[in-house]
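Remarks on the overall topology
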Amino acid sequence: MDRRKTTIFMIVTVLLLCAVPQANAQKRGRVETVLKNLCDNKQKQFQKKRGKLDEKTSLAFATELVLIDALDNIWNKGDISSIPVYYEYYVKNTHTTFHMMCRETKTSMDDIRNKTDEIILGFLQDSKQPLTFSRELINNVRRANYPLKTEDMQLFLDTRETKLRESMEKDPQINTCKLYFAEFPDGKYEREMKVMHNAILYKTVQELPTEENFENYFAEASLNDYFGSLDDRMYSEDARRLYAEYLFKFISESKDPSVARKFIDKYNTTPYLRSQDKRNPDSLEYITNRVDFDILASVVKAPSDLILIADYLKTHRYKEFREKASGLRASFERELLWTAPTYKKTYTNNRLTRLEEMDLNKTTTSTYKYNSYGKVISSTSKVKEMGKTNNYYTTYYYDSRGRCAVERQIDTKTSKMVYRRSRVFGPEGEIYVDSTAYATGRLILRKYDKVGNLTTEFEFNKLGEKVSMQFNKYNDKGVLVESERQFAVSKDKILAATVVSQIDEYEYDKYGYLTKITSKKTLGSSDKITTVATFQYDEYGNEVDDKSYYKYDHTGRWIQKTDKTNSMNMERIQITYNQYMIR
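Residues numbered from 1 in each chain as written. Predicted model: local features only at pLDDT ≥ 70, side-chain atom pairs only at ≥ 80, totals over all residues. Heavy atoms only, no water.

**Digging into the state of the cysteines**
Within this structure, the stated rule accounts for zero disulfides. Take Cys 39: it sits in no disulfide, and the sulfur closest to it among the cysteines is that of Cys 102, at 6.4 Å. (Disulfide = S-S within 2.5 Å.)

**Some details on the side chain of Thr 395**
Counting through the fold element by element, Thr 395 comes out in strand S6 (residues 388-398). With a relative accessible area of 12%, Thr 395 lands in the buried category. There is a polar contact of 3.3 Å between the side chain of Thr 395 and the side chain of Tyr 397. Aside from chain neighbours lying at most four places away, what touches Thr 395 is Ile 377, Ser 378, Val 406, Glu 407 and Arg 408. (Helix = DSSP H or I, 4+ residues; strand = E, 2+ residues; numbered from the N terminus. Buried < 20%, exposed > 50% of the residue type's maximum accessible area, 1.4 Å probe, protein only. Polar contact = N/O pair within 3.5 Å; in protein donor to acceptor, adjacent residues only side chain to side chain. Contact = heavy atoms within 4.5 Å.)

**Quick word on the layout of surface pockets**
Empty space within the largest pocket amounts to approximately 580 Å³. The wall of the largest pocket is formed by 23 residues, among which Ser 326, Arg 329, Trp 338, Asn 542 and Arg 557 lie closest to the centre. Taken together, the elements giving at least two residues each to the lining of the largest pocket come down to helix H18 (319-327) and strand S1 (333-340). The element best represented in the lining of the largest pocket is H18, accounting for five residues. Partitioning the lining of the largest pocket into residue classes produces eleven nonpolar, five polar and seven charged. When its volume is computed, the second largest pocket comes out at roughly 310 Å³. Along its surface, the second largest pocket is lined by Tyr 286, Tyr 318, Lys 319, Glu 320, Asn 475, Lys 477, Val 479, Tyr 508, Asp 509, Lys 510, Tyr 511 and Gly 512. (1 Å grid on protein atoms, 1.4 Å probe; cavity = no way out; pocket = protein on both sides within 12 Å on 5 of 7 lines; lining within 4 Å. Points joined across faces, edges and corners; volume = space filled by probe spheres on them. Nonpolar A, V, L, I, M, F, W, Y, C, P; charged D, E, K, R; others polar.)

**What about the pairing of strand S10 (residues 443-448)?**
Side chains Ile 444, Arg 446 and Tyr 448 project from S10 onto a buried face, and the interleaved Leu 443, Leu 445 and Lys 447 project onto a face without burial. The pairing of strand S9 (residues 431-438) with S10 spans four bridges and is classified as antiparallel. Residue pairing across strands places Ser 435 opposite Leu 445, the latter belonging to S10. Linkage of S9 to S10, two consecutive antiparallel strands, is achieved through a turn of four residues, within which Gly 441 is found at a positive phi near 100°. Where S10 and strand S11 (residues 454-460) come together, six bridges link them in antiparallel fashion. By the bridge assignment for S11, Lys 447 is matched with Thr 456. Linking S10 to S11, which pair antiparallel, is a turn of five residues; within it Gly 452 sits at a positive phi near 95°. (Pairing = 2+ DSSP bridges.)

In structure tokens:
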């Protein structure tokens, strides 16, 4: 009984093993029929047979059927979305059953490939978006490692390259350039694209001048290398001009000194600007002096910081800002004593409080008092001369805007007025009237321009006769350039050596320092005499001369001046500092 069961089991097993290949062959045959109908262009039969494939057959030959369906979609339905699937599954089926199916249906894979490639080329030729479509085809071929013929791949590439150039001409964009050179580093339109790339970068800095856009233009190494150098690129001259203007605008308009300083440094050190591109060196130097003074003023907070003033004075040349920098010392000076053979000045908290003047047999000692606003309100002068002593008391009166309207001096012994000076101001602060009347009958009248510069001065004697006239001329910056003085002398009293007129011409350097005064005098004899006085300054901007030796303090101020031929002829400045700034 056991032997019989064993025999039956073995027979059944053999029958089953034989049935499996037969079943697979039937499934493959059904798929082959579908493929043949597709290749023979029998659409109805293809659709019918494809629809009748059972689930087991579809699962057994899933890879082959994906390729078959992709071919149907491409050949018969014009479905370009199936192209990536076709490329991928064509490669996957190269060494599978599909190859055998093609042989059984008397169709080669090469024929299938050639037909499909030809159809896809037609799609590309008819495409409304060949730029995008060609890129997708190229990427899909490369991704799948699809064996596209070299000439067909070249057609894809040529289409893509040409369309990129056409797109660039219609709508120039930096990204289009980047795409082109990434995909075609040695493309046939290289020069045209380089030229257009350069033009786009220049147009960008024209329309939107920013640091980033200028950097993109100047630092584009691919263009600099291609054209030889930045100098050889078209528009470089204009781009440099725009960049210089861009930086200088920030330098001149910035309200924040630290920001202005940053752009000054960039302007001076940027490799993109040559010396000839920086067309406003004087303006830059002036602004730099101003900006650095503002920075200096913000950091000088203690006497130990005053050494920074000396550094500033040595490296900055404009008189206007050197004077301001020197003025920063005042906030720390408790007392300053300035002694010389002919005078002695005492300053307390930067205010002249005592002045002694010695001149042969005459000594004048003056003391000054100030109000809470720092304006002198009175002064007392003691004059000793030839054994006599006279005392004078001067008072100063101010209007509501802090302008001195009246200055009056009296002789304290007699209580008589010595002189009275009166000023009348206009609504804008301009001086309408400025007259000084002396007890002796002498009268001086002065006129000013709108900014307060003295333009004319007339002096009269007690008889009302004009004694002298002075006329001043200023440049557009309000600096005195010429002063003419005329003296009224009776013809019967005039002497040959009497000066009847004098014209002084003032010359300055570009930093605002007086360098020369040329005086032209006309004598009573009608002879003319011209004298010239020149001025020189040390590295800190202090006026100096060749006849003296100088010693300096740590702030850049000379504190001792000694005559080279007479050591007794000496001026000295002694300063006592406060620990903190006086506000």
